[in-house]
Amino acid sequence: MFARIRTSILAASVSAAALMTLPAAGQEATFVLSTNEVGIPNYNPVMAVNTNTAFSMIYDTLVAQDADLSFHPFLAESWDEAPDGMSWVFHLKPGVKFHNGKPLTAAVIAKWIELFRKSENSYMVDAVDRVEAVDDLTAKFVMKHPEPNLLFNLSSSFMGVPDPDAITEMGDNYGISEAVGTGPFKLESFTLGQETVLVRNDDYAWESPLSANKGPAKLERITFREMAEDSTAFLELKSGGVDALLSVPTDYIDQIKAEPTLALFSIPGQEVYYMPINVTREPFTDIKVRQAAALAINQKEILENVFGGHGAVANNFLISALPESKIDPSLDISYDPAKANALLDEAGWKMGADGVRAKDGKPLSVALWTQSDSIFRRLTEVVQAQLKAVGIDAKITTFDSSTIRDQYKAGEQQLAVRSYFWNNADIVDWFFGGDRLGYPNISMFNDPKAEELRDKAMKGSKTQDERVQNFTAYHAYVTSQFPYAPIYQPEQNMAYNKDRLVMPDRIHGTSVTGVDMVDVSVKE
Amino acid sequence: MSLRRTLGPVRSALATRKGALAGLWLALVVVVAVLAPLLTPYAYDIQSLPDAFRPPAATHWLGTDEFGRDLLTRIIYGARTSLSVSVVSIAVSVLAGMILGAAAGYFGGRLDQAVTVVVDLTWSFPEILVALILVAIIGPGVTGTMVAIGVAYLAQFTRLTRAQIMTIRSETYIEAARSLGASDGFILARHLLPNALGPVLIAGMLATGDAIILEATLGFFGLGAQPPLPSWGAMMSSGSGLLFKAPWIILFPGLAVATTVIAINLFGDALIHALDIKTRLREA
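Calculation criteria
Residues numbered from 1 in each chain as written. Chains lettered and ligands numbered in written order. Predicted model: local features only at pLDDT ≥ 70, side-chain atom pairs only at ≥ 80, totals over all residues. Heavy atoms only, no water. Helix = DSSP H or I, 4+ residues; strand = E, 2+ residues; numbered from the N terminus. Rg over C-alpha atoms; globule rule 2.2 N^0.38 Å. Buried < 20%, exposed > 50% of the residue type's maximum accessible area, 1.4 Å probe, protein only. Contact = heavy atoms within 4.5 Å. Areas by Shrake-Rupley, 256 points an atom, 1.4 Å probe, with all protein chains shown as cover. Lys, Arg positive; Asp, Glu negative; His and termini not counted. Charge placed at Lys NZ, Arg CZ, Asp CG, Glu CD. Pairing = 2+ DSSP bridges. Core = buried A, V, L, I, M, F, W, Y, C linked by side-chain atoms within 4.5 Å. Domains from an automatic or database assignment. Axes fitted to C-alpha atoms, helices over the stretch in contact; angles between N-to-C directions. Phe/Tyr/Trp six-rings, centres within 6.5 Å; stacked < 30°, edge-to-face > 60°. pLDDT = per-residue confidence, 0-100. Salt bridge = Lys/Arg side-chain N within 4 Å of Asp/Glu carboxyl O. Buried area = accessible area lost by both parts, 1.4 Å probe. Polar contact = N/O pair within 3.5 Å; in protein donor to acceptor, adjacent residues only side chain to side chain. Nonpolar A, V, L, I, M, F, W, Y, C, P; charged D, E, K, R; others polar. Patch = residues over 30% accessible without salt bridge, like charges linked within 9 Å, V, L, I, M, F, W, Y side chains within 5 Å.

## Topic: the overall build of chain A
Argument step 1. When its secondary structure is counted, chain A shows 16 helices and 25 strands.
Argument step 2. Taken over C-alpha atoms, the radius of gyration comes to 24 Å for chain A, in line with the 24 Å a tight globule of 524 residues would show.
Argument step 3. If one aligns the C-alpha atoms of chain A with their principal axes, the spans along those axes are about 75 × 70 × 40 Å.
Argument step 4. Looking at chain A as a whole, 58% of its 524 residues qualify as buried.
Argument step 5. Taking the contacts inside chain A whose residues are at least 6 apart along the sequence as the reference set, 69% of them involve residues at least 24 apart.
Argument step 6. A total of about 20700 Å² of accessible surface is found on chain A, and carbon and sulfur atoms cover 53% of it.
Argument step 7. If you average the places of the 47 positive and of the 70 negative side-chain charges in chain A, the two averages end up 4 Å apart.

## What to know about the sheet that holds strand β21 (residues 418–421) of chain A
Argument step 1. Spatially, β14-β22-β13-β21 (chain A) is the arrangement adopted by the four strands of the open sheet, whose pairing is antiparallel. Strand pairing shows two members of the sheet lacking a second neighbour, β14 (312–313) and β21 of chain A, which therefore form its edges.

## Observations concerning the nonpolar core
Residues and elements named next belong to chain A.
Argument step 1. Ranked by size, the top nonpolar core spans 112 residues in total, and within it Phe31, Leu62, Ile109, Trp112, Phe141, Phe224 and Met517 carry the most contacts.
Argument step 2. With eight residues, the single largest contributor to this core is helix α3 (residues 106–116).
Argument step 3. Domain assignment of the residues forming this core places at least three in each of domain 1 (8–228 + 494–522) and domain 2 (271–489).
Argument step 4. Leaving out residues up to four positions away in the same chain, Met517 has contacts with Phe31, Met57, Phe185, Leu219, Ile222, Phe224 and Val512.
Argument step 5. Among the nonpolar cores identified, the runner-up in size contains 41 residues, and Ala292, Ile302, Leu364 and Ala485 belong to it.

## Digging into the sheet that holds strand β20 (residues 415–416) of chain A
Strand pairing in a sheet is mediated by backbone hydrogen bonds. Such pairs are either parallel or antiparallel.
Residue and element names in this part refer to chain A.
Argument step 1. With parallel pairing, three strands are arranged side by side in an open sheet as β19-β18-β20. Edge positions in the open sheet fall to β19 (393–399) and β20, since each of these has one partner strand only.
Argument step 2. As paired strands, strand β18 (residues 365–371) and β20 are joined by two bridges and run parallel to one another. The residue bridging Leu368 from the neighbouring strand is Leu415, located in β20.
Argument step 3. Along the sheet face, helix α11 (residues 374–389) touches β18, β19 and β20 and points at about 160 degrees away from the line of β18.

## Observations concerning the packing of aromatic side chains
Residue and element names in this part refer to chain A.
Argument step 1. Inspection of every chain in the model, using the stated rule, returns 38 aromatic pairs over all chains.
Argument step 2. Geometrically, the ring pair formed by Tyr274 and Phe317 is edge-to-face, given 4.8 Å between the ring centres and 75 degrees between the ring planes. On the criterion of sequence distance, the pair formed by Tyr274 in strand β13 (residues 271–276) and Phe317 in the loop between β14 and α10 (337–346) is long-range, its members being 43 residues apart.
Argument step 3. Residue classification places Tyr274 among the buried residues on the basis of a relative accessible area of 2%.

## Overview of the confidence of the model for chain B
Close reading of the predicted structure is inappropriate where its pLDDT is low.
Residue and element names in this part refer to chain B.
Argument step 1. Mean pLDDT over chain B stands at 88; residues scoring 70 or higher make up 94%.
Argument step 2. Confidence, expressed as mean pLDDT per element, reaches its minimum in chain B at helix α12 (residues 278–283) with 54 and its maximum at helix α4 (residues 71–107) with 94.
Argument step 3. For this predicted complex, the interface confidence reaches an ipTM of 0.75, while the overall pTM sits at 0.83.

## Brief notes about the pattern of salt bridges
All names here are of chain A.
Argument step 1. Counted by the stated rule, this structure contains 32 salt bridges over all chains.
Argument step 2. The partner of Lys238 in a salt bridge is Glu259, with the nearest N and O atoms 3.6 Å apart. On the criterion of sequence distance, the pair formed by Lys238 in helix α6 (residues 230–239) and Glu259 in the loop between α7 (253–258) and β12 (262–267) is long-range, its members being 21 residues apart.
Argument step 3. A network of salt bridges, in which partner residues are shared, links Asp429, Asp435, Arg436, Glu451 and Arg454.

## Things to note about α6 of chain A
Argument step 1. By the burial criterion, the buried members of α6 of chain A are Ser231, Ala233, Phe234, Glu236 and Leu237 of chain A.
Argument step 2. In the segment just after α6 of chain A, Gly240 of chain A is the residue with positive phi, at about 90 degrees.

## Considering the interface of chain B and chain A
Argument step 1. With 27 residues of chain B in contact, the opposing surface of chain A contributes 21 residues.
Argument step 2. Approximately 2100 Å² of surface area, both sides summed, lies buried where chain B meets chain A, with 56% of it carried by carbon and sulfur atoms.
Argument step 3. The largest share of the area that chain B buries against chain A comes from Leu49, Pro227 and Phe244 of chain B, three residues that together contribute 28% of it.
Argument step 4. At the boundary of chain B and chain A, one finds two salt bridges.
Argument step 5. Glu381 of chain A is paired through a salt bridge with Arg69 of chain B; the nearest N and O atoms lie 3.1 Å apart.
Argument step 6. Where chain B meets chain A, there are nine residue pairs in polar contact (both at pLDDT 80 or more).
Argument step 7. Elements with a contribution of two residues or more to the side of chain B that touches chain A: α9 (184–220), α10 (232–240) and α11 (248–275) of chain B.
Argument step 8. Here the side of chain B that touches chain A is built from residues that sort into 15 nonpolar, eight polar and four charged.

## Brief notes about the domain arrangement of chain A
Buried accessible area, meaning the area lost when the parts come together, often serves as the stated size of an interface.
Residue and element names in this part refer to chain A.
Argument step 1. Each assigned domain of chain A is listed with its residue range as follows: domain 1 (8–228 + 494–522) and domain 2 (271–489).
Argument step 2. Between domain 1 and domain 2, the residue contacts involve 19 residues of the former and 18 residues of the latter.
Argument step 3. Summing the contributions of domain 1 and of domain 2, the shared interface buries around 1400 Å²; its carbon and sulfur component is 54%.
Argument step 4. Taken as a group, Tyr123, Pro148 and Phe152 account for 36% of the area that domain 1 buries against domain 2, more than any other trio of residues on that side.

## Side note on a nonpolar patch on the surface
Argument step 1. Together, Leu121, Phe125, Leu129, Ile133, Ile137, Ile138, Val147 and Val151 of chain B line one region of the surface with nonpolar side chains, adding up to about 700 Å² of accessible area.
Argument step 2. Here Val147 of chain B shows up in helix α7 (residues 142–169).

In structure tokens:
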């Protein structure tokens, strides 16, 4: 046993030595990826289920989206939508070359869109019937039905434009040793779960107008490190082992502010924490019990005490920046313990002496699932206590974050605490669509009226205004059935070493992407 | 009989200074765990979020955790979880291991081969890996943890018992007993198992220390006792993210694990000394 202590002391000193490796001089910087972006298997945007920040350094998109959700030219210089919405013409920027020297042409775009149909995210191109190469630089998207969301889809990180031939040739090896995009950085090396090293693309001259810098990026080399533990990442930043953290948990905000060498900046969040309620499992087949569980969640208490007041409460399924989040205020879900208790009484669940309700001798005891990341465990314990306050006895089961999706697929869950990261109303379709039961539809929600509204929202919107209207109606109806309880909307906090890095004044895009990274430089 | 055999060495173990100190600490932990509700005015599970992150003070001797719960109360109740999980799982493991090992060692042949193959298979994996796989199958929680730890250590006790039985089996007095017509069951119960008991009990005692660490490790991964039930490992795990904000949340449960495990090991060492069975343990 003492031998064991000795070994761990030895191990500790070895890792301490590793911590002391200083970042190399020159225009080189090391970033720590957000903990929820850890563990991507490769840099193949077509096959990705999750992407991380480095994707947007390797791949450019046809369209760029800014923080205010407006769209800007990128690989496409301009675009025109036909008045009936049945076709879009994209004019490509001339002179764009992939990392392997091949030019970007309309034919390449057509081939890529066909390849993308095999993707997990193929719904993004469902509305596209085919892409025609009118000439080398003009790509015409012929639509099956109008899709006002096309620009959003084309700006998403999943739709970074790769060289489709490289993907086909390399097959499963693509995106591990080699990745071919048009972005400002090239993949140099990728070690699964540890780090990704990118080097500057010296030919780069097709930056989005959102970037201040023209031509190749200022940084010559970027290392993205993956760290599962926030405390390790914070220590590395403090000791100078890394230059920036792409996400900072609220618990560290005060400590970062107290460090004279560190700077903190926030951009609007795109994440929503929520509690899915499985509508197919007793007792949640009763809408009154679902509503009561949703009303038992004290969003304000959670915001103040778990997240230190940073961010905002969530009262429905979408981030507040989206117009579709503005549903009828009477449908918004907020803490109302009196009503929760009344609903449970009405539903026949009577309060017992032990503080747990019961009906026909059966206690109101339910399973509450969570994932092993510390913030989810902490939040879930608070949710457990809040449910207990109205007489619902929730038993927590913790699953490893990497396996919980498979667990959901079996559909055995009753309640869960989780979050999603997305800034488009189509997330309602993703998590409540009747054909995705288990995962992503953890609530197992399959309601004929919702499906009708969903179909109208996904396929029947001709203009952006109409789409907003249709999605608002769909979102409102889903919310009125209580297949989930909204909890919290974080803001995105990032931190960097201001003695080392010069960051752009304002972050463009909905997170730090290649559009911003070309403007980052190291103080010399 | 076996009681006398065990109590004698325990007394002489307690006579040494480190043995006495360790024994005292263990007795204290057991008493505290048993009397938990009488010792603290706080409940281990009632949250009071506005009182979160209070540093150690007169009202909360060891401070409060991230939910405003009294940390000392959580550690006291956590001792219940740690002790019950480790003692029960090791006890079951020792019992099953002795039965398997004795049968394999005494009867030999195909039974021995089968037991050895299975035992060597689990033996070739680190205990934590076996435990993690089992918890993944059974599901997290106290019962899952007990089964996982019990199975993880089964190989050790089976091998130890088997080795003991095999060395004693061919002694002359066993042959004598057999020639007098003693049955297999009698020989095992009267002669073999009592002689094998000492080393196995010591190994069990030392394994209990490891089991506390294993339970804490599973708890650290969120796979042990599920909240609000406190477990030292789970407390350290939530404290690790708050290391800079509220270091006491990880510090005190960590100290509890460390002192208890060290005490168990010191006491085990003293017992080994008292029983003078070092060589036999090493042989096994």
